[in-house]
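# Coordinate analysis (summary)
One letter stands for each residue in the lines below.
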Amino acid sequence: MSTVTITEEPLGLENLLAIVDGARVELTDGVRTAIAASRAVVDRALANSDAVYGLTTQVGHGKDTRLSEEQIRSEQTFLVMSHSGGVGQPLPTRQVRAALAVRLNGIARGRSGASPAAAEVLAAMLNAGVHPIVPEISSVGAADLGPMAGMAQVTIGEGRAEYHGDLLSGGEALGRAGITPLKLSGKDGLALISANGVSIGHAALVVARAERAADAADLAAALSMEATAANPSIIHPSVARAKPIPGQAAAADHLRGLLAGSALLQPNASHSVQDALSFRVIPQVHGALREYIAAARNAVTVELNASDDNPLASAPDQAMISNGNFHPMVLAISCDALRIAIAQVGQLSERRLSHLWDAFFRQMTGPPGAAYGLQLRYPAAARFAELKQLAASATLDIPPLDLGVEDHATAAPLTVRKTDAALAVLDDLLAIELLLAHDVLATAPSKPSLGVGTSMALRMVEEAISAAEPVADAVHRGLRERLFSQAGG
């Protein structure tokens, strides 16, 4: 099993995803020193009886109400136990692991005020496979308080957890894993819950999925170009040089590689002077998707390695600082924008289906046989309607809460969830486009010479058809599995 070492340097998304997929985690001595230094700031504030939010005062609208000495001792447990409400299905295990890893890395930045023991128990849970069971809907995106509190409960032996396939109480799960429950002290409770682990972790998974979808979109478009004898001038290097948008250039380069060796690229190839816009602007639209994926990746990377704690335990200043770093605004807006780009790529795919449909019937000379793409044309139209609805913004819809004190939120978990759902719809559309392009090529009067990448795509479709039950939904499902296990690989 691989190991990811969390250091004082930024953690990359690839390492986070490795932890999600089961890699062990270790902390360096430098990280432990940084954590201890921020904890010393908390201890100093407690010793001085400073007014510190969530430490010596209540939270939310009770921010200016001081706690008694007895209340201070119980406040951290109260915060963990009182903030864990939620509804809906449990978060998938991969999202739980992502959230735990994000919070651990956040504490490792050395500004949370959590104890070293809090970091160690998170690492131990990840390494042992103790996965808290928390509902997916509770956070409004001003720190993921609800789900993070549910996870924090397991660290102290409360709540619910999955361990090696068994659903257990938090205490029993820790006991079976040989992990001693955390005894909350100082700012431990607030540090464990006042963070955006769920939003950031899920967004990291979404970015990785979107990167695969961008490659798959190019693949589907390239096979459609082959099936319709499209004009390849759109991917001429001079076009990208004339409009130097990196995503557009990357999409054109990828398409050119997929079509290498195709008859379309031969000097004497027969094609229209220019095609419909759903073909002509593939590099521009697919390039926009790549641009917004890059923006989302950057936003996730920054949040992953930021300190989103309130209050911030600043060792250089020896101060506890109230702030709004728990608001992942750039990440939330980047997901809203990414969904629009996803919908644009889906719209192009859906529009190309009409041209493939026309090409199929123009060349049909007899009964079509099992044309699975043809059968799925109308379901594709239905799916695109969903994709268009999913493109609507999510970040402006949270109402004021807690007596008007919490009068703004980012809706980060919702916008990330919607982006994941939009990618699922796009996956469906791209698989259908590949199937219909296959139908056109399979019934063509003469078989064109395909490119290196498009030949592989056609073989993948044929293998999916051969392996599946001979019904459209089974073929589609099998192709989706193949497509997204290979796209971007």
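Preceding block: the structure.
Criteria and thresholds
- Residues numbered from 1 in each chain as written.
- Predicted model: local features only at pLDDT ≥ 70, side-chain atom pairs only at ≥ 80, totals over all residues.
- Heavy atoms only, no water.
- Phe/Tyr/Trp six-rings, centres within 6.5 Å; stacked < 30°, edge-to-face > 60°.
- Helix = DSSP H or I, 4+ residues; strand = E, 2+ residues; numbered from the N terminus.
- Buried < 20%, exposed > 50% of the residue type's maximum accessible area, 1.4 Å probe, protein only.
- Core = buried A, V, L, I, M, F, W, Y, C linked by side-chain atoms within 4.5 Å.
- Contact = heavy atoms within 4.5 Å.
- Pairing = 2+ DSSP bridges.
- Axes fitted to C-alpha atoms, helices over the stretch in contact; angles between N-to-C directions.
- Parallel < 35°, antiparallel > 145°, perpendicular 65-115°, else oblique.
- Nonpolar A, V, L, I, M, F, W, Y, C, P; charged D, E, K, R; others polar.
- 1 Å grid on protein atoms, 1.4 Å probe; cavity = no way out; pocket = protein on both sides within 12 Å on 5 of 7 lines; lining within 4 Å.
- Points joined across faces, edges and corners; volume = space filled by probe spheres on them.
- Salt bridge = Lys/Arg side-chain N within 4 Å of Asp/Glu carboxyl O.
- Expected span 1.5 Å × (residues − 1).
- Arc of directions from axis to C-beta.

### Quick notes on the packing of aromatic side chains
- Taken as a whole and judged by the stated rule, the model has 3 aromatic pairs.
- With a centroid separation of 5.1 Å and 55° between ring planes, the pair formed by W357 and F361 is classed as tilted. Of this pair, W357 and F361 both sit in helix 14 (residues 329–363), 4 residues apart, which is roughly one turn of the helix.
- For F361, a relative accessible area of 37% translates into the label partly exposed.
- In this structure W357 comes out as partly exposed when scored by relative accessible area, which is 28%.
- The structure contains a cluster of three or more aromatic residues connected by ring pairs, namely W357, F360, F361 and Y378.

### Regarding the nonpolar core
- The biggest cluster of nonpolar side chains holds 134 residues, and the ones touching the most others in it are L104, V130, M151 and L434.
- No other element matches the 18 residues that helix 9 (residues 197–227) contributes to this core.
- Residues within four places of L434 in sequence aside, it is in contact with L219, A220, L223, A457, M460, V461, L479 and L483.
- Counting 7 residues, the second largest nonpolar core, distinct from the first, contains V41, A45, V52 and A313.

### Here's the deal with the sheet that holds strand 7 (residues 166–169)
- The 3 strands are arranged 4-6-7 in an open sheet whose pairing can be described as antiparallel. This sheet does not close on itself; its edge strands, each paired only once, are strand 4 (130–132) and strand 7. When the angles between neighbouring strand axes are averaged without regard to direction, this sheet yields 35°.
- Bridging between strand 6 (residues 160–163) and strand 7 involves 4 bridges; their strand directions are antiparallel. Pairing of R160 across the sheet is with S169, part of strand 7.
- Seen against the sheet, helix 7 (residues 170–177) touches strand 4, strand 6 and strand 7 and runs at an angle of roughly 110° to strand 7.

### A word on the packing of helix 5 (residues 116–128) against helix 6 (residues 145–155)
- Remark: helix 5 packs on helix 6, axes separated minimally by 10 Å, with the N-to-C direction vectors making an angle of 90°. Accordingly, the angle class assigned to the pair helix 5 and helix 6 is roughly perpendicular. Facing V121, L122 and M125 of helix 5, the residues of helix 6 in contact are M151, V154 and T155.
- Considering only residue class, the contact of helix 5 with helix 6 consists of 5 nonpolar, 1 polar and no charged.

### Regarding empty space enclosed by the protein
- With the rule as written, the count across this model stands at 2 cavities of 30 Å³ or more.
- Here the largest cavity is characterised by a volume of approximately 50 Å³.
- Around the largest cavity, the lining residues are V102, R103, G106, A195, N196, G197, I200, E303, L304, A306 and D308.
- The class makeup of the residues in the lining of the largest cavity is 5 nonpolar, 3 polar and 3 charged.
- The wall of the second largest cavity is formed by L100, R103, L122, M148, M151, A152, T155 and L192.
- Looking at the lining of the second largest cavity, the elements that each hand over two or more residues are helix 4 (93–108) and helix 6.
- Tallying contributions element by element places helix 6 first for the lining of the second largest cavity, with 4 residues.
- Per-class residue counts for the lining of the second largest cavity are 6 nonpolar, 1 polar and 1 charged.

### Quick word on the pattern of salt bridges
- The full count for this structure, using the stated rule, is 27 salt bridges.
- Here D420 ties to R209 by a salt bridge, and the two come within 2.7 Å at their closest N and O atoms. With D420 in helix 17 (residues 412–442) and R209 in helix 9, this residue pair connects regions lying 211 residues apart in the sequence. Assigned by exposure class, D420 and R209 land together as buried.
- Taken together, the salt bridges that share partners define one network made up of R209, R383, E386, D420, D427, D428 and R480.

### Quick look at the environment of L414
- You can see L414 is positioned in helix 17.
- Exposure remark for L414: the relative accessible area of 30% places this residue in the partly exposed category.
- Along the chain, L414 and A332 lie 82 residues apart, while their C-alpha atoms are 8.8 Å from each other.

### Topic: helix 18 (residues 452–467)
- Given a rise of 1.5 Å per residue, 16 residues ought to cover 22 Å, and the 23 Å separating the end C-alpha atoms of helix 18 matches this to within 8%.
- Restricting attention to buried positions, one finds in helix 18 the residues G453, T454, A457, L458, M460, V461 and A464. Buried residues in helix 18, looked at end-on, bunch into an arc of 155°, giving them a common side. In helix 18, the exposed positions that point more than 90 degrees away from the buried face belong to V452, S466 and A467.

### A few points about the layout of surface pockets
- Of the volumes computed, that of the largest pocket is approximately 670 Å³.
- In terms of lining residues, the largest pocket is bounded by 31 residues, among which Y53, G60, A142, L145 and E406 are the most central.
- Listed by contribution, the elements that provide at least two residues to the lining of the largest pocket are helix 3 (69–82), helix 6 and helix 8 (188–193).
- Across the lining of the largest pocket, the residue classes break down as 14 nonpolar, 14 polar and 3 charged.
- By volume, the second largest pocket is sized at about 390 Å³.
- The set of elements that each furnish at least two residues to the lining of the second largest pocket consists of helix 9, helix 14 and helix 17.
- The greatest single-element share of the lining of the second largest pocket, amounting to 3 residues, is contributed by helix 14.

### Remarks on unusual backbone geometry
- Cis rather than trans, the peptide bond between N310 and P311 has omega equal to 0°.
- You can see P311 is positioned in the loop between helix 13 (282–304) and strand 8 (312–314).
- The backbone of A229 sits at a positive phi, close to 50°, despite the residue not being glycine.
- Within the element layout of this structure, A229 appears in the loop between helix 9 and helix 10 (237–242).

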